[in-house]
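Given next are the chains, with one letter for each unit.
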Amino acid sequence: WEAAGHPPFTRARIGSFFQEKAVLKNPFLEDALLRGYLRRHLPQEVVFSDLCAFGERVAKEVDGWGRECEVNPPRLVHFDPWGRRVDHIVTSEAWKRMKELSAQEGLVAIGYERAFGEWSRVYQMSKLYIFSPSSGLYTCPLAMTDGAAKVIQSVGVSWPVEEAYSRLTTRQPERFWTSGQWMTERQGGSDVASGTETVAVPQTDGSYKLHGFKWFTSATDADMTLTLARVQDRTGATTSGSKGLSLFYAEVSRDEDGRLRGIEVQRLKDKLGTRQMPTAELLLDGLPAHRLSDEGRGVASIANMLTITRIHNSISAASAMRRVLQLARDYATRRTAFGKLLKDHPLHMQTLARMEVETRGAFLLVMDVCRLLGREESGIATQLDAHLLRLLTPVVKLYTGKQAVAVVSEGLESFGGQGYIEDTGLPGLLRDAQVLSIWEGTTNVLSLDVLRCVARSSGMVLHAYFTHTKSLLAGASSVSSLAPAVKAVDGSLSELEEFVQVAATRGQSYLELAARDLAYSLARIYTGALLIDHACWKGASPSDTYAALRWCEQDMCPVATKQKRGCYDSSTPPLDAALVYDQ
Ligand code: UCC
Ligand code: FAD
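Being a predicted model, the structure only gives us computed values, none of them experimental.

Basis of the calculations
- Residues numbered from 1 in each chain as written.
- Chains lettered and ligands numbered in written order.
- Predicted model: local features only at pLDDT ≥ 70, side-chain atom pairs only at ≥ 80, totals over all residues.
- Heavy atoms only, no water.
- Near = heavy atom within 4 Å.
- Polar contact = N/O pair within 3.5 Å; in protein donor to acceptor, adjacent residues only side chain to side chain.
- Areas by Shrake-Rupley, 256 points an atom, 1.4 Å probe, with all protein chains shown as cover.
- Helix = DSSP H or I, 4+ residues; strand = E, 2+ residues; numbered from the N terminus.
- Nonpolar A, V, L, I, M, F, W, Y, C, P; charged D, E, K, R; others polar.
- Domains from an automatic or database assignment.
- Axes fitted to C-alpha atoms, helices over the stretch in contact; angles between N-to-C directions.
- Parallel < 35°, antiparallel > 145°, perpendicular 65-115°, else oblique.
- Left-handed = near helix turned anticlockwise from the far one by under 90°.
- Contact = heavy atoms within 4.5 Å.
- 1 Å grid on protein atoms, 1.4 Å probe; cavity = no way out; pocket = protein on both sides within 12 Å on 5 of 7 lines; lining within 4 Å.
- Points joined across faces, edges and corners; volume = space filled by probe spheres on them.
- Buried < 20%, exposed > 50% of the residue type's maximum accessible area, 1.4 Å probe, protein only.
- Expected span 1.5 Å × (residues − 1).
- Pairing = 2+ DSSP bridges.

Student: Kindly report on the site of ligand 2, identifying the contributing residues and their values.
Tutor: Around ligand 2, 21 residues are found, and the nearest of them are Thr 184, Gly 189, Ser 190, Ser 218 and Thr 442. Take Gln 181: an N or O atom from its main chain is 2.7 Å from a nitrogen atom of ligand 2. At 2.6 Å, a side-chain N or O of Thr 442 approaches an oxygen atom of ligand 2. In the complex, the protein chains occlude 63% of the 980 Å² of accessible area that ligand 2 would expose alone. Those elements that provide at least two residues to the shell around ligand 2 are β3 (179–182), β5 (208–218) and α13 (443–456).

So this is what it looks like as structure tokens:
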């Protein structure tokens, strides 16, 4: 080596080729469907310029903060140097900047200012959709904050929650509050009615002190929370089950010595993802609180929060799919394999196109639910709208939560090995997607919620579903390019109607076994109709038509397919159990 004239010491020669990374461009300008949807429904210049400017900020500035939240996760300091218990959750500067930004940009406020009437929620959620994958999971506290504001609005904005409402919905960063949502205890997150042990001890001034243990509390640096507890009577007894649960409002505050009032932070959770955000176990030891619901109406009252947070969850799911696609399609213009760019390999494009179809479907489904929410909040919802909103909220949450994992996982593969490399930021997208089907109601629990709302409405929600889906299809009857898609949705809808009729004659266990497939069928058929409807709009593009046709090629009514195979018959559960526990 030295004889060849090289110096004795030199840097390693590692070659001259370095792959260019995928570049995040303005997520608003990069999203043809989002812009098309807004051009169709909310074509205000002020909305476009706000979303465009925000998109630019997200790409240039905020995305970096999101990354900082990931690499600098929160930590818990239990004691001060002198041994006093302080329970400080130390968060990154970037996390704090997210709070300021959220207020300034009106990410909660827009939904309550209602400057765009029935379309205000669509506007708000479009902004969150652009923000979500860059937000360092700040969309989680925002979801709960929005949900808390909604609950307060529904119980009445008066003492003791007047001030809280104004802080949750303000655009002033120094006044802005976030809220927690403490429902889960060790015995049960899904079965809240059986799992809640927390008791509320009445105080002489009409307030309460809460004693209990909350097993999962996210974004625990919040300023306030809504939570569930059982009111103790004079003898200290409580009512068990759902009828014993009431809804409480509590502020998270500190005493003169800097100690949390009535709360000990047991520990922070060590999580697969969502690491940017603190999730804690909390001992409530005399937390001062006010009852917001009538006694025993806790679950029904917090249901308003669940509607909002489940819609936020769906926005995050659609947005994670969109983000990985935006990056993947950019990467495909930069990476060469077998002599040509990835974008010039038809099989690679087919893979991305399939992801695109899923993403478009998810987007239209969630935006339609936002549209319905907006109509309800503007006081113009028909009975049909109200039924659809109730039915489609669990449907959109469970469907998009699951699809996000599949699409983001496929998206990671489209970067090859780099998709698996931590500091590209890509693996975090997959980790964070995995939670979307767990919190705010798991897939099965929400499928059962669908059954319950069908039963409690005596089938009216399904009637609304069939009526509206048919009306969406009717608008496309004369569009020949969409005929195969219309035929497919129409056929699936008939199969679904048939299933419903047969299932109604069977017992509850039959229905429960079919619940997940039923929810998937509801999601796929309705989404097919939405894609068709969007493709019929006069401003639609050929890609809108193509996406509708592609979506409708899949089995849109799995519940009918599986019913024909006898999958829900009483012989199935023992076979399933035997298979699972086969030794
Ligand atoms: O996970 C959580 C926070 C995570 C962080 C936030 C992320 C947000 C997204 C961010 C994106 C980045 S908080 C924990 C969430 N936990 C859950 O979602 C619980 C899942 N379990 C269920 O949903 C169950 O179905 C329960 C708890 C609702 C079942 O309780 P009950 O008491 O057994 O249910 P009932 O008896 O069916 O319902 C009691 C009342 C009824 O009203 P009435 O008495 O008037 O008939 C129901 O109609 O509550 C009403 N109700 C509802 N109303 C129940 N569910 C609903 C609903 N979904 N909508 C409207
Ligand atoms: P379980 O209820 O024990 O469910 C276990 C499994 O059983 C699931 O697959 C479920 O689908 C299935 N299952 C349950 N019942 C049925 C049934 N009847 N039929 C068929 N299948 C069923 N909670 C809060 O209150 N506040 C928070 O801020 C919060 N933050 C969270 C943050 C993270 C990162 C995570 C992971 C969770 C958080 N949670 C929070 C808790 C979350 O809401 C619960 O974990 C979730 O609701 C599930 O409850 P569980 O963990 O008790 O599961």
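That shown, we press on.
Student: Account for the site of ligand 1, naming residues and giving values.
Tutor: In the vicinity of ligand 1, 29 residues are found, and the nearest of them are Ser 190, Ser 242, Arg 297, Arg 310 and Arg 452. Arg 297 places a polar side-chain atom, nitrogen or oxygen, 2.8 Å from an oxygen atom of ligand 1. Within the side chain of Arg 456, an N or O atom sits 3.2 Å from an oxygen atom of ligand 1. Burial of ligand 1 by the surrounding chains reaches 81%, relative to a free accessible area of 1,200 Å². The set of elements that each furnish at least two residues to the shell around ligand 1 consists of α6 (139–155), α8 (192–195), α9 (298–331) and α13. Here the residues of the shell around ligand 1 are counted per class, giving 12 nonpolar, 10 polar and 7 charged. Taken together, domain 1 (179–296) and domain 2 (443–573) each give at least three residues to the shell around ligand 1, which thus spans both.

Student: Any chance you could break down the packing of helix α5 (residues 120–131) against α6 for me, citing the residues and the numbers?
Tutor: Closest axis-to-axis distance for the α5/α6 pair is 11 Å, and the angle between their directions is 160°. One element, α5, and the other, α6, form an angle in the roughly antiparallel class. Note on packing geometry: the crossing formed by α5 with α6 is left-handed. Packed against α5, whose contacting residues are Arg 121, Gln 124, Met 125, Leu 128 and Phe 131, the element α6 presents Thr 139, Leu 142, Asp 146 and Lys 150 at the interface.

Student: Go over empty space enclosed by the protein, please, and point to the residues and values.
Tutor: A water-sized probe, rolled over the atoms, reveals where empty space remains. Applying the stated rule across the entire model yields 1 cavity of 30 Å³ or more. Counted as a void, the largest cavity has a volume near 60 Å³. Every residue along the wall of the largest cavity is listed here: Pro 27, Asp 31, Tyr 129, Ile 130, Pro 133, Ser 319, Arg 322, Arg 323 and Gln 326. At the level of secondary structure, the elements contributing two or more residues to the lining of the largest cavity comprise α5 and α9. Tallying contributions element by element places α9 first for the lining of the largest cavity, with 4 residues. For the lining of the largest cavity, a count of residues per class yields 4 nonpolar, 2 polar and 3 charged.

Student: Residues and numbers for the environment of Ala 514, please.
Tutor: Among the secondary structure elements, Ala 514 is positioned in helix α16 (residues 508–536). Separated by 55 residues in the primary sequence, Ala 514 and Asp 569 place their C-alpha atoms 9.6 Å from one another. When residues no more than four places from it in sequence are discounted, the contact partners of Ala 514 are Phe 499, Val 559 and Tyr 568.

Student: Hey, could you go over the layout of surface pockets for me, with residue numbers and the actual values?
Tutor: By volume, the second largest pocket is sized at about 430 Å³. Among the elements that take part in the lining of the second largest pocket, α13 stands out by supplying 5 residues, more than any other. Of the residues contributing to the lining of the second largest pocket, the split by class is 12 nonpolar, 5 polar and 2 charged.

Student: Outline the side chain of Arg 323, listing residues and values.
Tutor: Within the secondary structure, Arg 323 sits in helix α9. Of the residues examined, Arg 323 reaches a relative accessible area of 5% and is grouped as buried. Once residues lying within four places of it in the same chain are set aside, the contact partners of Arg 323 are Leu 24, Pro 27, Val 58, Asp 63, Ile 130, Pro 133, Ser 134 and Leu 429.

Student: Could you give me a rundown of α13, with the residues and numbers involved?
Tutor: For α13, which comprises 14 residues, the first-to-last C-alpha distance of 20 Å matches the rise-based estimate of 20 Å (1.5 Å per residue) to within 8%. Those residues of α13 that fall on the buried side of the exposure criterion are Thr 443, Leu 446, Ser 447, Asp 449, Val 450, Leu 451, Cys 453 and Val 454. Summarising the contacts, the buried residues of α13 are in contact with α9, α11 (383–413), α14 (460–474) and α16. Immediately downstream of α13, the backbone of Ser 458 shows phi near 50°, a positive value.

Student: Explain the pairing of β5 to me, using residue names and the numbers behind them.
Tutor: In this sheet, β5 lies alongside strand β4 (residues 199–202) in antiparallel orientation, the contact comprising 4 bridges. By the bridge assignment, Val 199 is partnered in β5 with His 211. In this antiparallel pair of consecutive strands, β4 and β5, the connection spans 5 residues, and Gly 206 shows a positive phi of 95°. Inspection of the sheet shows β5 paired to strand β9 (residues 279–291) by 9 bridges, in the antiparallel sense.

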